[in-house]
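Spelled out, the chains give:
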Amino acid sequence: MFRTFAVALGLAAQLAGPSISRAEEPVDTARAIIQEQIAAFLHDDAETAYSFASPEIRGKFPDKATFFDMVKRGYQPVYRPGNFAFGRSKVVGDQVIQEVLISAPDGKDWTAIYQLVKQPDGSYKINAVMMLQSAPGPAI
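The following paragraphs examine the structure supplied in this document. These figures come from a predicted structure and were not determined experimentally.

This paragraph deals with the packing of aromatic side chains. Two numbers describe a pair of aromatic rings. These are the distance of the centres and the angle of the planes. Taken as a whole, this structure holds six aromatic pairs when the rule is applied. Between Tyr50 and Phe67, the aromatic rings sit 5.4 Å apart at their centres with planes inclined by 55°, giving tilted as the arrangement. Of the two residues, Tyr50 sits in helix H2 (residues 46-51) while Phe67 sits in helix H4 (residues 64-74), which places them 17 residues apart along the sequence. Across this residue pair, the class does not change: Tyr50 and Phe67 are buried. Aromatic ring contacts, followed pair by pair, group Phe41, Tyr50, Phe67, Phe68 and Tyr79 into a single cluster. Here the basic side chain of Arg58 rests over the ring of Tyr50, its NZ or CZ set 4.2 Å away from the ring centre. A cation over an aromatic ring shows up here: Arg80 above the ring of Tyr79, its NZ or CZ 4.1 Å from the ring centre.

Right, dumping it as structure tokens:
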């Protein structure tokens, strides 16, 4: 009986495993894209950073230089993060909403809320970033 239970449990885990990994896949993909874009900003690689922008963003900023300049001026904590870590995430249909906690070089803490949208080819592109200045936590 124990052996039957163990086999059944093993099969259930195998069946559940792929569905769990599929559920995490968009989040993992979104996080990789965000990480790669931040790395591109840190290396002043406008072309790579721009490659992660959605068609909607590319419509507003039609070339990499204009896009890069906008990020430098309006999204300094993303352009030059001191440290960053991924927070909560949520998948809503074909969108991934990802929270990124950022310590800016000036010592201020920020939360960037990224919206990534699935494209017709199955890839994800960054469609929006909303910056929120975080309240300081208790001193440690």
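All right, on to the layout of surface pockets then. Over the atoms a probe the size of a water molecule is rolled, and this reveals where empty space is left. By volume, the largest pocket is sized at about 230 Å³. Taken together, the elements giving at least two residues each to the lining of the largest pocket come down to helix H1 (2-42), helix H3 (55-60), H4 and strand E4 (124-133). The residue makeup of the lining of the largest pocket, split by class, is 13 nonpolar, one polar and one charged.

Whenever strands of a sheet pair, they do so through backbone hydrogen bonds, lying parallel or antiparallel. Across the sheet, which stays open at both edges, the four strands sit in the order E1-E2-E3-E4 with antiparallel pairing between neighbours. Each edge of the open sheet carries a strand with a single partner, namely strand E1 (83-92) and E4. Adjacent strand axes in the sheet meet at a mean angle of 20°, parallel and antiparallel pairs treated alike. Pairing analysis gives nine bridges linking strand E3 (residues 109-118) to E4, with the strands arranged antiparallel. When the bridges of E4 are listed, Thr111 appears paired with Leu132.

So, how was this worked out
- Residues numbered from 1 in each chain as written.
- Predicted model: local features only at pLDDT ≥ 70, side-chain atom pairs only at ≥ 80, totals over all residues.
- Heavy atoms only, no water.
- Phe/Tyr/Trp six-rings, centres within 6.5 Å; stacked < 30°, edge-to-face > 60°.
- Helix = DSSP H or I, 4+ residues; strand = E, 2+ residues; numbered from the N terminus.
- Buried < 20%, exposed > 50% of the residue type's maximum accessible area, 1.4 Å probe, protein only.
- Lys NZ or Arg CZ within 6 Å of the ring centre and 35° of its normal.
- 1 Å grid on protein atoms, 1.4 Å probe; cavity = no way out; pocket = protein on both sides within 12 Å on 5 of 7 lines; lining within 4 Å.
- Points joined across faces, edges and corners; volume = space filled by probe spheres on them.
- Nonpolar A, V, L, I, M, F, W, Y, C, P; charged D, E, K, R; others polar.
- Pairing = 2+ DSSP bridges.
- Axes fitted to C-alpha atoms, helices over the stretch in contact; angles between N-to-C directions.

None of this, on its own, says anything about what the molecule does.
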